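# Fold and contact review
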Amino acid sequence: MNEIHAHLTACAAEAARVSRGITAEQLAGPTGCTDWTVRELANHLVLYTAHGLEHRALRTELPEETVRRDFTADADWSERYAAQLDRALAAWAKPEAWEGDVDLGGSAVPAPEIAAMLLAELALHGWDLALATDQEFTVPEETGRHLLGVVERYAEMYREYQGFAAPVTAPAGAGAFTRALAVSGRTP
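Below you will find a few notes about this structure.

About the thresholds
Residues numbered from 1 in each chain as written. Predicted model: local features only at pLDDT ≥ 70, side-chain atom pairs only at ≥ 80, totals over all residues. Heavy atoms only, no water. Helix = DSSP H or I, 4+ residues; strand = E, 2+ residues; numbered from the N terminus. Rg over C-alpha atoms; globule rule 2.2 N^0.38 Å. Buried < 20%, exposed > 50% of the residue type's maximum accessible area, 1.4 Å probe, protein only. Pairing = 2+ DSSP bridges. Salt bridge = Lys/Arg side-chain N within 4 Å of Asp/Glu carboxyl O.

## As for the overall build of the chain
Helix and strand counts for the chain stand at 7 helices and 2 strands. Ordered by position from N to C terminus, the α and β elements of the chain give α-α-α-α-β-β-α-α-α. Here the C-alpha atoms of the chain give a radius of gyration of 16 Å, agreeing with the 16 Å that 2.2 N^0.38 yields for 188 residues. In terms of overall dimensions, the chain has a C-alpha envelope of 40 × 40 × 30 Å along the principal axes. Within the span of the chain, comprising 188 residues, buried residues form 49% of the whole.

## So, the pairing of strand 1 (residues 101-104)
Sheet topology places strand 1 next to strand 2 (residues 107-110); 4 bridges connect them, and they run antiparallel. For valine 102, the partnering residue across the bridge sits in strand 2 and is valine 109. The hairpin turn running from strand 1 into strand 2, its antiparallel successor, is 2 residues long, and glycine 105 in that turn takes a positive phi close to 60°.

## Comments concerning the pattern of salt bridges
Following the criterion strictly, the structure yields 10 salt bridges and no others. A salt bridge links aspartate 70 to arginine 39; the shortest N-O distance between them is 3.5 Å. Here the residue aspartate 70 occupies a position in the loop between helix 3 (64-68) and helix 4 (77-92), and arginine 39 occupies one in helix 2 (residues 38-58), the gap between them amounting to 31 residues. The class for aspartate 70 is partly exposed, based on a relative accessible area of 31%. Judged by relative accessible area, arginine 39 falls into the partly exposed class, the value being 30%.

Given below as structure tokens:
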């Protein structure tokens, strides 16, 4: 199994754990993501880090009904999310998922780079969701180091599309994951 897959697996387990900790009452609450409620952020996370992750590995389009779906309307949404994450990780466990390019809005991007971007999506929005629901989101230091490299590599591109805010200063002696949060404009 390659290095990115191991980091995706670690972040997926943490995102699934955080999702299971969200109560129905918290879904209407605010998040640190501009104009997104917990429900909207959770739906974004489910769509892109579980369904989108699998479809990118398989090189298939997300069905329109999946794109429009309110996953959190189902009482067992967090369990369904965890199961979909497992399917996505299984798709990326196949060697052919890492070969060639993946279409990203009309641009061909090498599969490992798509996986790296989805890793950032999973970790950063997983952390956003944890923060909004009074939970912690932690990853192994090795995953944090890998994520920091990904965030640094794509920070300017994400800022162009308003996916990241201006970088903030990480606390002195902060670990790699906390530094990745700071580079992405999140206040750790």
